[in-house]
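Here are the chains, one letter per residue:
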Amino acid sequence: PSDTGHTAFGDIFLSRSRDLVYWGKHRHVISPSERYAWQSRKVGAGPIPIETSEGWLVFYHGVLNSCNGFVYSFGAMLLDLEDPSRVIGLCKVPLMAPEGPEEQIEGFRTNALFPCGMILEDDQTVRIYYSASDTVVRLATAKLDDLISLCTEKP
């Protein structure tokens, strides 16, 4: 689930399932925060986490309510390997925000980037597939160690 039912927008939760049909044991992970403007309005889940020696690397989107409307960016956080509901580090600024014309075009959501998928290559390159304005899919790449090193902010 990505909404507590108590907010107009959303939070990120961890849930468990034995059969992928029935889900339970929901545990809160992260909520929107005024502390980080880029995710002050909403947070939402992204692609499947990557297990690393430092923790679970998770990409997620955050929403800012600006004078030009909502801006959807995405960032990363590290979750504890043993208790993935515990955030051990996150990026205080987004990894990516809509900048170019292809990312700010009129679409279902203007000014919106959503991380949709990621692949960890053998050379430790992370390929991050993301939606721009819900109109096109784009690809960004980064080294795993660089991404982990950006998750230094303690929640």
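That block above? That's the structure.
Residues numbered from 1 in each chain as written. Predicted model: local features only at pLDDT ≥ 70, side-chain atom pairs only at ≥ 80, totals over all residues. Heavy atoms only, no water.

Explain the nonpolar core here, please?
Most often, soluble globular proteins have nonpolar side chains that are buried together. One finds Leu57, Phe59, Phe74, Ala76, Val126 and Cys151 to be the most contacted residues of the largest nonpolar core, which totals 18 residues. Counting residues per element, the ones that place at least two in this core are β5 (56-66), β6 (69-79), β8 (113-120), β9 (125-132) and α2 (144-150). Looking at which element gives the most residues to this core, the answer is β9, with four residues. The residues touching Phe74, leaving out its near neighbours within four places in the chain, are Trp38, Phe59, Tyr60, His61, Pro94, Leu95, Met96, Leu113, Pro115, Ile128 and Tyr130. (Core = buried A, V, L, I, M, F, W, Y, C linked by side-chain atoms within 4.5 Å. Buried < 20%, exposed > 50% of the residue type's maximum accessible area, 1.4 Å probe, protein only. Helix = DSSP H or I, 4+ residues; strand = E, 2+ residues; numbered from the N terminus. Contact = heavy atoms within 4.5 Å.)

Help me understand the side chain of Thr125 in this model?
Considering the arrangement of structural elements, one finds Thr125 in strand β9. Of note is the side chain of Thr125, whose polar atom sits 2.9 Å from the side chain of Asp123. The residues contacting Thr125, other than those within four sequence positions of it, are Ile119, Leu120, Thr141, Ala142 and Lys143. (Polar contact = N/O pair within 3.5 Å; in protein donor to acceptor, adjacent residues only side chain to side chain.)

Would you take a moment to explain the environment of Asp145 for this structure?
By the element assignment, Asp145 lies in helix α2. Exposure remark for Asp145: the relative accessible area of 60% places this residue in the exposed category. Residues Asp145 and Gln124, 21 residues apart in the sequence, show an inter-C-alpha distance of 7.9 Å.

Hey, could you run me through the pattern of salt bridges in this one?
Side-chain pairs of opposite charge can arise where the charged atoms are in close proximity. In total, this model carries six salt bridges according to the counting rule given. Here Asp80 ties to Arg86 by a salt bridge, and the two come within 2.9 Å at their closest N and O atoms. A relative accessible area of 16% places Asp80 in the buried class. Here Glu121 and Arg127 are joined by a salt bridge, their closest N and O atoms 2.9 Å apart. (Salt bridge = Lys/Arg side-chain N within 4 Å of Asp/Glu carboxyl O.)

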